[in-house]
Amino acid sequence: MLTKQNENNTVTVSPVSALRGEIELPGDKSIAHRAALFAALAKGESLFENFPNSQDPLTTVECLAKLGIEYEFAGKTLWVLGGGPFAFRKPGDILDAKNSGTTMRLLAGLLAGQSFPSVITGDDSLLTRPMRRIIKPLSKMNARISGTRKGTAPLKIRGVKRPLKSMNYELPVASAQVKTAILLAGLYATGTTTVIELFPTRDHTERMLGLPVKKFGRKNYISISKMLNIPPARMTIPGDPSSAAFFIVAALITPQSEILIKNVSLNPTRTAFLKVLERMNANIVILNRRNPDGEPIGDIIAKSSKLRGCTVEGEQIPLIIDEIPILAVAGAHADGIFAVKNAEELRTKESDRISSVVANLSALGTRIKEMDDGFMLEGGRLKGGKSLDSYGDHRLAMASVIAGLSSKKEVTVKNMQAAAVSFPGFMDVIKMITYNN
Ligand code: S3P
């Protein structure tokens, strides 16, 4: 047995000698949230295959159900019956976004333009995360939305009697969630609302809603207008590249390994981590590139590699923000220095991902220095033999397991239940593809 999970959600991970096999992963979390929300805004039936059974996107679906949307989720198929932008019903209860920042921020944009009041809450982690970044722009559009004095949720949204006011808004933080919240509120505003982004972020909203994007210099201008008619959709949700990153790095840092991951999203705003790994000398091959439902997909092969360190910073950060914990594990196995700079946003995620990555890697024997906006580490082999914590953060839970598989001595990971937020079957896939001579 390579891994064991006890009833306290602690996993014991023993070092493995190889990873081999072919896998397919649950649908992409970001696309899934949007698929459900946009289907609710469309008039008619939408159908999504490979919809992930993970907590975050299902939380969005449950919140939509409280707003009167009919759905059915069976196997990996989600059916949604939408009624158009004005068919939502006042919820009988507080909406609970649980651990999901995407649910809270996107839903706030949609609810800002409704005539009825609503309240969105979340779990302890979500209740500490910054919400002024949506409260401010939505208020500028005349939405009546407020949070706590600290600028956190619960969010209280009072209904509006008149349409919201459109605006041009330059994003002060590079955030696809904030961008989407404003664009959704734009559906309820007079005229055209334009979001201007200085640094590109994931563009699923633009693609899925078919929004016009103009480039002036380095900036993207994304517009939406009240009259936008959102059609119902049929789509197979591509495998989540952020989940694929864990298996790719595991194969790269383990000798005699080769894995094939089929049907992964290759959206360029999501695959910058592959570019970083290639700069680190990773042996990665992409096959079968295609574009079936407006989102590029393909198959990825990753093989054992001799990695070398690198620095990631600036404009790259928003495009790899979710993969930094696992890139840090790759860096900890590379020759030389691996550094992350300009990534203060990591402190506002499901955990403070700068301090949680630093705590876990230093426990495993890596020399790592914490900085305000990132960290810098010296690569080498991980010693292991320690207990790590997920800090309640799904990406930390999974990155810690991969670190354990590649350490010299057994590692335990506490609070492994957090992985269910994006990938409940993670440990089953690990068991399927790991071997010990
Ligand atoms: C997401 C955007 C990112 C990302 C999150 C999902 C999305 O957050 O970290 O996991 O689906 O729009 P920010 O927009 O806060 O950077």
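This one's a predicted model, so the numbers in the text were calculated from it and none came from an experiment.

### Here we look at helix α1 (residues 29-41)
No. 1: Here α1 contains 13 residues, and its C-alpha end-to-end distance of 19 Å stays within 8% of the 18 Å for a straight helix at 1.5 Å per residue.
No. 2: The buried fraction of α1 is high, at 13 of 13 residues.
No. 3: Measuring from the backbone nitrogen of S30 back to the side-chain oxygen at the start of α1 gives 3.3 Å, which picks out D28 as the cap.

### Things to note about the sheet that holds strand β8 (residues 118-121)
Adjacent strands of a sheet form backbone hydrogen bonds with each other and so pair up, either parallel or antiparallel.
No. 1: Spatial ordering of the open sheet is given by β7-β8-β10-β9, a layout of four strands whose pairing is mixed. The open sheet terminates on both sides in strands that have one partner only, identified here as β7 (95-96) and β9 (144-146).
No. 2: Relative to strand β10 (residues 155-158), β8 runs antiparallel, the two sharing three bridges. Pairing of V119 across the sheet is with K156, part of β10.
No. 3: Running at roughly 170 degrees to β8, helix α3 (residues 101-111) makes contact with β7, β8, β9 and β10 of the sheet.

### What about α3?
No. 1: The element α3 is extensively covered by neighbouring structure, given that eleven of its eleven residues are classed as buried.
No. 2: Residues of α3 that are buried include every one of G101, T102, T103, M104, R105, L106, L107, A108, G109, L110 and L111, and no others.

### Focus: the domain arrangement of the chain
No. 1: Examined at the domain level, the chain breaks down into domain 1 (11-27 + 238-435) and domain 2 (29-235).
No. 2: Its C-alpha centre places domain 1 at a distance of 28 Å from the equivalent point of domain 2.
No. 3: Summed over both partners, the interface of domain 1 with domain 2 buries about 2,400 Å², with 48% contributed by carbon and sulfur atoms.
No. 4: Three residues, E315, E350 and V421, lead the burial of domain 1 against domain 2; their summed loss comes to 23% of the area buried on that side.
No. 5: Between the two partners, domain 1 and domain 2, sit 18 residue pairs in polar contact (both at pLDDT 80 or more).
No. 6: Put simply, the parts of the chain that give the side of domain 1 that touches domain 2 at least two residues each are α9 (316-320) and α12 (394-405).

### Concerning the packing of α3 against helix α5 (residues 176-186)
No. 1: Contact pair α3 / α5: the axes reach a minimum separation of 6 Å and the direction vectors enclose 25 degrees. By the angle between their axes, α3 is roughly parallel relative to α5. Crossing handedness for the pair α3 and α5: right-handed. From α3, G101, T102, R105, L106, G109 and L110 reach across to α5, where they touch Q177, T180, A181, L184 and A185.
No. 2: Of the residues belonging to the contact of α3 with α5, the class tally is five nonpolar, five polar and one charged.

### Re unusual backbone geometry
No. 1: The residue after A153, namely P154, is reached through a cis peptide bond having omega 5 degrees.
No. 2: Within the secondary structure layout, P154 lies in the loop between β9 and β10.
No. 3: Positioned with a positive phi, N288 is a non-glycine residue whose angle comes to about 55 degrees.
No. 4: As for its position among the elements, N288 is in strand β19 (residues 283-290).

### Looking at the pattern of salt bridges
No. 1: Enumeration according to the criterion identifies 22 salt bridges in this entry.
No. 2: With a closest N to O distance of 2.8 Å, R133 and E345 form a salt bridge. Here E345 lies in the loop between β22 (337-340) and α11 (353-363) and R133 lies in helix α4 (residues 132-140), a separation of 212 residues in the sequence. For the pair formed by R133 and E345, the shared burial category is buried.
No. 3: In this structure, K219 and E170 form a salt bridge, with 3.2 Å as the shortest nitrogen-oxygen distance. Of this pair, K219 sits in strand β16 (residues 219-225) while E170 sits in strand β12 (residues 168-170), and the two are 49 residues apart along the sequence.
No. 4: We classify K219 as partly exposed; its relative accessible area is 25%.
No. 5: Using a relative accessible area of 36% as the deciding quantity, one classes E170 as partly exposed.
No. 6: Each of R129, R202, D322, E350, R353, D393 and R395 takes part in one network of salt bridges that share partners.

Rules of the game
Sequence order sets the numbering: in each chain, residues are counted from 1 along the sequence as written. Only residues with pLDDT of at least 70 are given local features in this predicted model, and only at 80 or more are side-chain atom pairs given and counted; all residues enter the totals for whole chains, interfaces and linings. Based on all heavy atoms of the structure, the side-chain values leave hydrogens and waters out of the count. In DSSP terms, a helix is any run of H or I states spanning at least four residues, a strand is any run of E spanning at least two, and both are numbered starting from the N terminus. Helix span is expected to be 1.5 Å times the residue number reduced by one. Exposure categories follow from relative accessible area, calculated using a 1.4 Å probe and restricted to protein chains: below 20% of the type maximum is buried, above 50% is exposed, and the middle band is partly exposed. Under the rule applied, a polar contact is a pair of N or O atoms within 3.5 Å (in protein, one hydrogen donor and one hydrogen acceptor; residues adjacent in sequence only if both atoms are side-chain atoms). When DSSP finds two or more bridges between a pair of strands, those strands are recorded as paired. Here a residue-residue contact requires only that any non-hydrogen atoms of the pair lie within 4.5 Å. Only the stretch in contact is used when a helix axis is fitted, and all axes are lines through C-alpha atoms; the angle between N-to-C directions ranges over 0 to 180 degrees. For the domains described, the bounds stem from an automatic or database domain assignment. Note: buried area is the sum, over both parts, of the accessible area (probe 1.4 Å) each one loses when the two are combined. Throughout, the term roughly parallel applies to angles under 35 degrees, roughly antiparallel to angles over 145, roughly perpendicular to angles from 65 to 115, and oblique to all others. If you view the pair so one helix is near and one far, a crossing is left-handed when the near helix is turned anticlockwise from the far one by less than a right angle, and right-handed when it is turned clockwise. Nonpolar residues are Ala, Val, Leu, Ile, Met, Phe, Trp, Tyr, Cys and Pro. Charged residues are Asp, Glu, Lys and Arg, and all others, Gly as well, are polar. Whenever a carboxyl oxygen of Asp or Glu lies within 4 Å of a side-chain nitrogen of Lys or Arg, that contact is scored as a salt bridge.

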